[in-house]
Amino acid sequence: MAICYDENAKTISIDTEHTTYQMKIGPYGVLLHTYYGKRISGEDMSYLFRYSDIGFSTAMGDAGMDRTVSLDTMPQEMPSFNVGDYRAEGIRVQHGDGSYALDLRYVSHDITRGKYSLKGLPAMYGGSETAETLKVVLKDRAKEFYVTLLYGVYEELDIITRACLIENREEKTAVMDKAVSMSMDFLTGDMDIYTFNGRHEMEREVERRKLGRGITSVGSLRGTSSHQHNPFVILCSSDTEEEYGECYGFSYVYSGNFLAEAEISQRDQLRFAMGIHPSRFRILLEKGRVFAMPEVIMSYSGSGLGRLSIQFHRAIRNYLCRGKYKNSRRPVLINNWEATYFDFTGEKLISIAEEAAKLGIEMLVMDDGWFGKRNLDESGLGDWIPNEEKLGMSLKELVERVREKGLAFGIWIEPEMVSEDSLLYQEHPDWAFALPGRTPGRGRCQLVLDLGRECVREYLYQAICKILDTGDISYVKWDMNRSICDVYNPELPPEQQGEAGHKYILGLYDLLERITARYPDVLLEGCSGGGGRFDAGMLYYSPQIWCSDDTDAIERLKIQYGTSFCYPVSTVGSHVSACPNHQNGRITPLHTRGVVAMAGTFGYELDISKMSDQDKEEVKEQIEDYKKYFDLVQDGDYYRLTKPEEDFTVWQFVSRDREKSLVNAVMTSAKANAPDYIIRLKGLDPESRYKEEGSGKIYQGSALMWGGYLLPREIGEYQSYQLYFVRV
Ligand code: GLA
């Protein structure tokens, strides 16, 4: 067992292959966090903490005149509240008698095989072979108020998940207005924080800064996890780099408002917590109600960021993503959005399919504009009825005719939204979020349907089933194109409005679960104006997410670089699009666009009829290459070899058995008389020899890793190279 309780020391240790996580039942039953880091066996790590009298750090009530026992400095697994801990609050609760307090003490624990699940929430899964569960029950010192801490342990993956269940067993209702899924107190706080920030069309830009005193936080109030701040954070030592140093990653398995907080205290200790954002969050805990907090996936690496990413990739790809496609090759698709926007007919799509089939493309995706009154983005959302007049045929006929051309058929929907100019809105104006007496704000001219309401979900479920039952539809792109505001659920009493935002997300998960259960063979691609909801929660339902609406290969390098810190390549929706690029006007070689899209699920998004014969030949080759490299790209380990600001952006895939490796390099800066660029490869077997397929040259693995590889550098902007190494 990876989880072990030491009766004498009162420690619970979790040992994974390379890491140890430890907690201890401390003074007066407080559950202490004593260690998380490189694997240590059999030591009670509490010796690192000194109990001392610290001015203005209140001692615990039950400690009598002992001044040394203060919750303000004790490293806790879940913080207490208003009983002497002045650091960032974890669970903030007001009990039925009006008192604000939480003073958690250990009651019991339980270790079982297999991974816990969370009803109605996405979470990593795993049977008794792969995972173990630790449950620790804590109780408030005075009230019948319980917090059960849940830990899922994947020994081989060096992954630990955390979540918690909050329950009030008092007669009187308690009110909770802040809750974290996990909190962790580090004894020292000399750390940097990585956050992944951005905007529409430039998601997950990497920012690293040193943590200072006080609270550093990122979060979202947009109702989605957001383009602006991804719910993934890394804490690391100041000297940590790709291949060196300590780092901790925290990925929130939640798609709504979140808050990640890192506080450096007066004593230079660090508290890190992740939870639902407390703004507009207020939960009534009537007697017996158990409130489940979403899961956080955690991992530690003692050998740099690269290793940490590989750990997350393996965990997400194999134990969070589900369904038929989680490990199988996705069809190479062509999406008509950037080819036609709203201006298409069924015949146009069939002609694209015909041309695409000749090049080896395997699926046509009909994007926005096929339903209701939808010739621009101001109308039609909500009316999921094919516009036969526009298509010139029924959806059934269109699907059949595309299939006759040899392609699978995929379709775009945006179920969570409604246009005011739609039949649905005319019939059910009250289904959209709106605050009483106020006109709701519009985003992309549309309103948000409240998925927290059963009637809304039922309508959408029926509407989506009707579309998917029309014909042989293999893929759905599930879009969501605005940030949410005006959150108000008329079915809830005023005092429960603080639950409406979370209810929306639970409703979304419920709908996604029903759809994926009914159509297990349909490939779902998540999307929110590109990567506005690129989070581990959504990946439980859709094994891939459209990474960004920015399809420019050069900007994508940066976006995909940031995305790679947490999310595996198998989840990154990436396409070759037209040039000049529609978002920024940049011109890049077709080859380079292909190389960049191959660091994702791969497809095309351009008007194929406008391509030259030469380009079409190149597309054929790209598809062959994609298929050839697929196993390596999908299952191999991913390494970042450069940072975005360098002259080249280089990344590498290495198969798990170290037999094969693919190095991808894009020159981002054209220079005259440029210095040579040598890149050191990673992850190869130093003792083996590898043949580079293009040149036929053979190199020693150690030479490629310690000496490096001299990249070609041709004249011209944005040249790119794929170097394929095979062990000889
Ligand atoms: C979003 C998506 C795009 C496209 C449009 C259609 O912006 O990210 O890929 O589907 O919507 O309106």
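Note that this is a predicted model, so its numbers are computed, not measured.

Draft legend 1. Region of interest: the overall build of the protein. A tally of regular secondary structure across the protein gives 13 helices and 38 strands. Relative to the compact-globule value of 27 Å for 728 residues, the protein shows a C-alpha radius of gyration of 27 Å, a close match. A principal-axis box enclosing the C-alpha atoms of the protein has dimensions of 85 × 70 × 45 Å. Split into buried and exposed, the 728 residues of the protein put 62% on the buried side. Across the protein, every contact between residues at least 6 apart in sequence was considered, and the portion connecting residues at least 24 apart equals 68%. When the accessible surface of the protein is split by element, carbon and sulfur atoms take 48% of a total near 26,500 Å². Separation between the mean location of the 84 positive side-chain charges and that of the 109 negative ones in the protein comes to 2 Å.

Draft legend 2. Main features of unusual backbone geometry. Across the junction of Cys 579 and Pro 580, the peptide omega takes the value -5°, indicating a cis bond. Structurally, Pro 580 can be placed in the loop between strand 29 (576-577) and helix 11 (590-597). Backbone geometry places Asn 82, a non-glycine residue, at a positive phi of 65°. The residue Phe 602 is not glycine, and still its phi comes out positive at about 70°. Within the secondary structure, Phe 602 sits in the loop between helix 11 and strand 30 (603-605).

Draft legend 3. Expanded view of the packing of helix 10 (residues 553-563) against helix 11. Their axes nearest at 10 Å, the elements helix 10 and helix 11 cross at an angle of 20°. Classified by the angle their axes make, helix 10 and helix 11 are roughly parallel. The interaxial crossing formed by helix 10 with helix 11 has left-handed handedness. Contacts from Ala 553, Ile 554, Arg 556, Leu 557 and Gln 560 in helix 10 reach Thr 592, Arg 593 and Val 596 in helix 11. Across the contact of helix 10 with helix 11, the residue classes tally to 4 nonpolar, 2 polar and 2 charged.

Draft legend 4. Broad picture of the sheet that holds strand 4 (residues 31-38). With antiparallel pairing, the 4 strands of this open sheet are ordered in space as 1-2-3-4. At either end of the open sheet lies a strand with only one pairing partner, and these are strand 1 (3-6) and strand 4. Geometrically, the sheet is characterised by an average inter-axis angle of 15° between neighbouring strands, direction not taken into account. Pairing between strand 3 (residues 19-25) and strand 4: 7 bridges, direction antiparallel. Residue pairing across strands places Tyr 21 opposite Tyr 36, the latter belonging to strand 4.

Draft legend 5. Fine view of the site of the ligand. The full set close to the ligand counts 13 residues, and Asp 367, Asp 368, Arg 444, Lys 477 and Asp 549 are the nearest of them. Within the side chain of Asp 368, a nitrogen or oxygen atom sits 2.6 Å from an oxygen atom of the ligand. A distance of 2.4 Å separates an oxygen atom of the ligand from a polar atom in the side chain of Asp 549. Here the ligand loses 96% of its free accessible area of 310 Å² to cover by the protein chains. Per-class residue counts for the shell around the ligand are 4 nonpolar, 3 polar and 6 charged.

Draft legend 6. Fine view of the nonpolar core. Counting 194 residues, the largest nonpolar core has Leu 235, Phe 250 and Trp 370 as the members making the most contacts within it. When neighbours within four sequence positions are excluded, Leu 235 is seen to be in contact with Phe 186, Met 191, Asp 192, Ile 193, Leu 211, Glu 246, Cys 247, Tyr 248, Phe 250, Leu 270 and Phe 272. Core analysis: the second largest hydrophobic core is formed by 21 residues, Val 654, Val 663, Tyr 709 and Phe 725 among them.

Draft legend 7. Highlighting the state of the cysteines. Following the criterion strictly, the structure yields 0 disulfides and no others. Looking at Cys 247, it has no disulfide partner, and the nearest cysteine sulfur is the one in Cys 236, 6.4 Å off. Using a relative accessible area of 0% as the deciding quantity, one classes Cys 247 as buried.

Conventions adopted
Residues numbered from 1 in each chain as written. Predicted model: local features only at pLDDT ≥ 70, side-chain atom pairs only at ≥ 80, totals over all residues. Heavy atoms only, no water. Helix = DSSP H or I, 4+ residues; strand = E, 2+ residues; numbered from the N terminus. Rg over C-alpha atoms; globule rule 2.2 N^0.38 Å. Buried < 20%, exposed > 50% of the residue type's maximum accessible area, 1.4 Å probe, protein only. Contact = heavy atoms within 4.5 Å. Areas by Shrake-Rupley, 256 points an atom, 1.4 Å probe, with all protein chains shown as cover. Lys, Arg positive; Asp, Glu negative; His and termini not counted. Charge placed at Lys NZ, Arg CZ, Asp CG, Glu CD. Axes fitted to C-alpha atoms, helices over the stretch in contact; angles between N-to-C directions. Parallel < 35°, antiparallel > 145°, perpendicular 65-115°, else oblique. Left-handed = near helix turned anticlockwise from the far one by under 90°. Nonpolar A, V, L, I, M, F, W, Y, C, P; charged D, E, K, R; others polar. Pairing = 2+ DSSP bridges. Near = heavy atom within 4 Å. Polar contact = N/O pair within 3.5 Å; in protein donor to acceptor, adjacent residues only side chain to side chain. Core = buried A, V, L, I, M, F, W, Y, C linked by side-chain atoms within 4.5 Å. Disulfide = S-S within 2.5 Å.

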